Amino acid sequence: MMKKTFELEFYGKKLVVETGEIAKQADGAVFTRFNDTVVLSTACCSDEPKEGDFFPLTVNYDEKQYAMGRIPGGFLRREGRPGEHATLTARLIDRPIRPMFSEGFRNEVQIINTVMSVDLDASPEMTAMFGSSLALCISDIPFDGPIAGVYVGRVNGKLIINPTVEEKEKSDLNLAIAGTSEAINMVEAGASELSEDEMLDAIMFGHEAIKKLCEFEKEIVKEVGKPKREVKLYEVDENIKNDIYSRIYDRMVKAISIFDKLERASAIDALKKEIIDDYDNREYKKENEHKMTMLMVNDVLESMVANEVRRLITEEKVRPDGRKIDEIRPLDAQVDLLPRVHGSAMFTRGQTQVISTVTLGTKNDEQILENLTSEDNKRFMHHYNFPPFAVGEIGRTGTPGRREIGHGALGERALSYVIPSEDVFPYTIRCVSEVVESNGSSSQASICASCMALMAAGVPIKDMVSGIAMGLITSGPLDGNHPYTILTDIQGLEDHFGDMDFKVAGTKNGITALQMDIKIKGVTREILHDALYQANKARAQIREVMSKAISEPRKELSKYAPKFDILYIDKDKIKDVIGSGGKTINDIIEKCDGVKIDIDDEGKVTLYHTDIDAIKKAHRIIENLTREVNVGEVYEGVVTRVEDYGCFVSLFGDKEGLCHVSRMAHERIDSAKNYVRVGEKFKVKVIDVDNHGKISLSHKEFCEPRDGESQNTTFKKKKGFFKK
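Criteria and thresholds
- Residues numbered from 1 in each chain as written.
- Predicted model: local features only at pLDDT ≥ 70, side-chain atom pairs only at ≥ 80, totals over all residues.
- Heavy atoms only, no water.
- Helix = DSSP H or I, 4+ residues; strand = E, 2+ residues; numbered from the N terminus.
- Contact = heavy atoms within 4.5 Å.
- Areas by Shrake-Rupley, 256 points an atom, 1.4 Å probe, with all protein chains shown as cover.
- Lys, Arg positive; Asp, Glu negative; His and termini not counted.
- Charge placed at Lys NZ, Arg CZ, Asp CG, Glu CD.
- pLDDT = per-residue confidence, 0-100.
- Expected span 1.5 Å × (residues − 1).
- Buried < 20%, exposed > 50% of the residue type's maximum accessible area, 1.4 Å probe, protein only.
- Arc of directions from axis to C-beta.
- Phe/Tyr/Trp six-rings, centres within 6.5 Å; stacked < 30°, edge-to-face > 60°.
- Lys NZ or Arg CZ within 6 Å of the ring centre and 35° of its normal.
- UniProt positions renumbered as here; feature names shortened; annotations may be inferred.
- Axes fitted to C-alpha atoms, helices over the stretch in contact; angles between N-to-C directions.
- Parallel < 35°, antiparallel > 145°, perpendicular 65-115°, else oblique.
- Left-handed = near helix turned anticlockwise from the far one by under 90°.
- Pairing = 2+ DSSP bridges.
- Polar contact = N/O pair within 3.5 Å; in protein donor to acceptor, adjacent residues only side chain to side chain.
- Core = buried A, V, L, I, M, F, W, Y, C linked by side-chain atoms within 4.5 Å.

Some details on the overall build of the protein chain
Counting secondary structure elements, the protein chain contains 15 helices and 29 strands. Overall, the C-alpha framework of the protein chain stretches about 130 × 60 × 50 Å when taken along its three principal axes. Considering only residue pairs separated by 6 or more positions, the protein chain has 70% of its internal contacts joining residues 24 or more positions apart. As presented, the protein chain carries roughly 34,400 Å² of accessible surface, and 48% of it is formed by carbon and sulfur atoms. If the 100 positive side-chain charges of the protein chain are averaged to one point and the 119 negative ones to another, these points end up 6 Å apart.

Right, here's the structure in full:
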């Protein structure tokens, strides 16, 4: 295949696609240039289907540090496992692509995006999404695309497609949206309290840009696309299906209507076991026949439950636990569960329960990032843990998986818009959400619990954030002829068998985060509108319950949390505080009971300690180290040394000046030793500071002239230091 190049001017940036020269042995490969961003996207598909009840799709987003002229950190100096940003981007690409494969497609598909050059003003993430779709489209892999995605920002009320780094910093919206020419099938957003209508307008604005990219992909496919291969789709044997339905359908309907999650699951599992044991104990001519039969039996049982749940909701408006369509499960909110942490809270919604904690640290505790973005560090982190016991199972524990990383990032995005700035609250903040029980919507429960934990910790957040997960059940194509139902607060069963998981979080003033995943090929503006406004009502109900547990951030931090103080010093004085080899700063730390000291390049000094007195002591020391002595200033000093010609007076810190004997009084003094002694408080005025920093002092201004009496006699009478 000859190399071919295609170009598109896309909102002020040049998009160039090259095919036919690089990675020719992949089923599909495109080399995409978006300004100076370059991504190689490849797609490969197995020849035979995999056994199992799911579509084995893998999407990789491989960040190469050379793409930004960097050498990786660590001992090996090479890229390791994907970081959090790469993992989240891979999920971002996977979500709109997955629904575009046919039901029953079981061949394994792997998409690899290698990020080889990065222009931060030309999104490598959306370049990779575009390349992934196009690599599939021009290949012989059966893919019902194309799809594409864009970022949408908003600066001063104006919507922008794929904003630059500078525009992102000014933007009150960070929206990632993907879809086809006809509909939207993925949304992920963070926003500074945007209204539902503002968010809808941004989504639809982004969709118009997506249509242009999809049309560009279709033009390329017409020229270089391969014919799609014939693939045998997995189908269930109708005889097996009819047999199972006739035997247990009525009993399954009753089991699905049980309110309690565990009781319902137990009843459904008992019916499944009855059928599975029967088919498992039959005689089969071939081992493969046994495997395929059991796979079909499991699929029939699963689809039976799914179809009944969907029928009850769309036709009878009955949910598995008996709730109304827009009804939230019972709510409970508590704070201060854990006495030693800096802040803690628990949020319960039905059979979903999350405990969140907050830990406050210093600037040194910030997370250092090594990814292909403009961020180098992060002071606010939100982590999400989902142990297997939360659903009564035994499973893998240890490092977080893609789902946990994704849910943690969603919570972080939702709360980040209410976190105070570093100038107001100079702490590194870490929230950790522990899911201790789950029956759906645990990510939104974690947002609620973490928000309360932040308030309990005394973090002055701008407003309370609550979150809710919305669902969608369709009865056919979204063509206006088939009814659909939007559900508030979906539980596990509704999430598993539904068509949409639409998570919405925000304050009373507006939305701070969105995330939409769907299993169908797209949703309309009408569905998004209804879901957003139904979610708004639910969020208000949840905030009311949260407010009863804690209504505003506490004014005081936990006694176990580090307190802080800030002072500003001249940049030229930073070296004086640090000292040679860190000697001075280490001495301050030792004298002040281990106080933590952060100094930035601009001279901002932040002090941390659990004991405010240790902070005050360090503050005084640093202030004295960096304080300048100016002519005309008055000090209540202490005499440190006395000679005949004068005395040396300590002003503050290590600043010391000489008060000459001629400047001690209006009268003549023969020797300073007759006038002052070491340790005496001595009020002085600065009269000169020479180029070498030597300080000259005067005491005259604070003495009354004494006519007709010798100074020494006056001194003896006044001080009583010497006996006559």
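Things to note about the confidence of the model for the protein chain
Predicted coordinates in regions of low pLDDT should not be interpreted in detail. Overall, the prediction assigns the protein chain a mean pLDDT of 91, with 97% of residues at 70 or greater. Here residues 708-724 is modelled with pLDDT under 50, and outside its nearest four sequence neighbours on either side it reaches 24 contacts, counting other chains as well.

What about helix α14 (residues 612-626)?
An ideal rise of 1.5 Å per residue puts 21 Å on 15 residues; α14 measures up with 21 Å between its terminal C-alpha atoms. Looking only at α14, the buried set comprises A614, I615, A618, H619, I622, L625 and T626. Here the buried residues of α14 occupy an arc of 140° about the axis, which is enough to place them on one side. At its buried positions, α14 is contacted by β22 (563-568), α12 (574-578), α13 (583-591), β23 (596-599), β24 (604-609) and β27 (655-660).

Structural notes on the packing of aromatic side chains
Enumeration over the complete set of coordinates arrives at 14 aromatic pairs. When the centroid spacing of 4.6 Å and the interplanar angle of 50° are considered together, the rings of F425 and Y427 count as tilted. Each member of the pair, F425 as well as Y427, is classed as buried. Note on F425 and F564: the rings are 6.4 Å apart at their centroids and 80° apart in plane angle, and the pair reads as edge-to-face. Taken together, the residues span a long stretch of sequence, with F425 in the loop between α8 (402-416) and β17 (428-437) and F564 in strand β22 at a distance of 139 residues. When its relative accessible area of 4% is taken as the criterion, F425 is described as buried. Ring-pair connections join several aromatic residues into one group, and the members of that group are F55, F101, F105 and F143. Geometry around F386 places R403 over its ring, the cationic atom sitting 4.6 Å from the centre. Its guanidinium or amino end placed over the ring of F652, R627 lies 4.5 Å from that ring's centre, counting from NZ or CZ.

With respect to the UniProt feature "binding site: Mg(2+)" (unreviewed entry) in the protein chain
Within this structure's numbering, the places UniProt gives as "binding site: Mg(2+)" (unreviewed entry) are D495 and D501. With respect to the helices and strands, the residue D495 is situated in helix α10 (residues 492-497). Sequence-distant contacts of D495, defined by excluding residues within four places in its chain, comprise I490, D501 and K519. Looking at where D501 falls in the secondary structure, it is placed in strand β20 (residues 500-507). Take D501: its relative accessible area is 11%, and that puts it in the buried class.

Some thoughts on the packing of helix α1 (residues 84-97) against helix α2 (residues 124-138)
Where α1 contacts α2, the two axes come as close as 10 Å, and the packing angle between them is 40°. Considering the angle they form, α1 stands oblique to α2. When the axes of α1 and α2 are compared, the crossing they make is right-handed. On α2, the residues that touch H85, T89, L92, I93, P96 and I97 of α1 are E125, M126, A128, M129, S132, S133 and L136.

Some points on the sheet that holds β23
With antiparallel pairing, the 3 strands of this open sheet are ordered in space as β22-β24-β23. Of all the strands in the sheet, the pair left with one neighbour each is β22 and β23. Neighbouring strand axes in the sheet, compared pairwise and without regard to direction, differ in orientation by 20° on average. Contacts from α14 reach β22, β23 and β24, with the element oriented near 15° to β22.

Focus: the sheet that holds strand β29 (residues 695-698)
In space, the 5 strands of this closed barrel follow the order β25-β26-β27-β29-β28, with mixed pairing throughout. Going across the sheet, the axis of each strand differs from the next one's by a mean of 50°, ignoring polarity. As paired strands, strand β28 (residues 681-689) and β29 are joined by 4 bridges and run antiparallel to one another. The residue bridging D688 from the neighbouring strand is S696, located in β29.

Some points on the side chain of R413
Residue position: R413 is located in helix α8. Side-chain polar atoms of R413 contact the side chain of E188, separated by 2.8 Å. Those residues within four positions of R413 in sequence are excluded, and the remaining contacts are E188, A189, G190, T512, A513 and L514.

Describing the nonpolar core
Counting 131 residues, the largest nonpolar core has V109, I429, F502 and L514 as the members making the most contacts within it. At 11 residues, helix α4 (residues 196-224) tops the list of elements feeding residues into this core. Counting 30 residues, the second largest nonpolar core, distinct from the first, contains I275, V300, L301 and I473.

Structural notes on the pairing of β20
Remark: a regular strand shows side chains that alternate across the two faces of the sheet. Most of β20 sits out of view: 8 of its 8 residues are buried. Covered by surrounding structure in β20 are M500, F502, V504 and G506 together with D501, K503, A505 and T507, the residues of both alternating faces. Note: strand β18 (residues 466-474) against β20, 7 bridges, orientation antiparallel. Within β20, the position partnered with I468 by the bridge is V504. From the end of β20 to the start of strand β21 (residues 510-518), which pair antiparallel, there are 2 residues.

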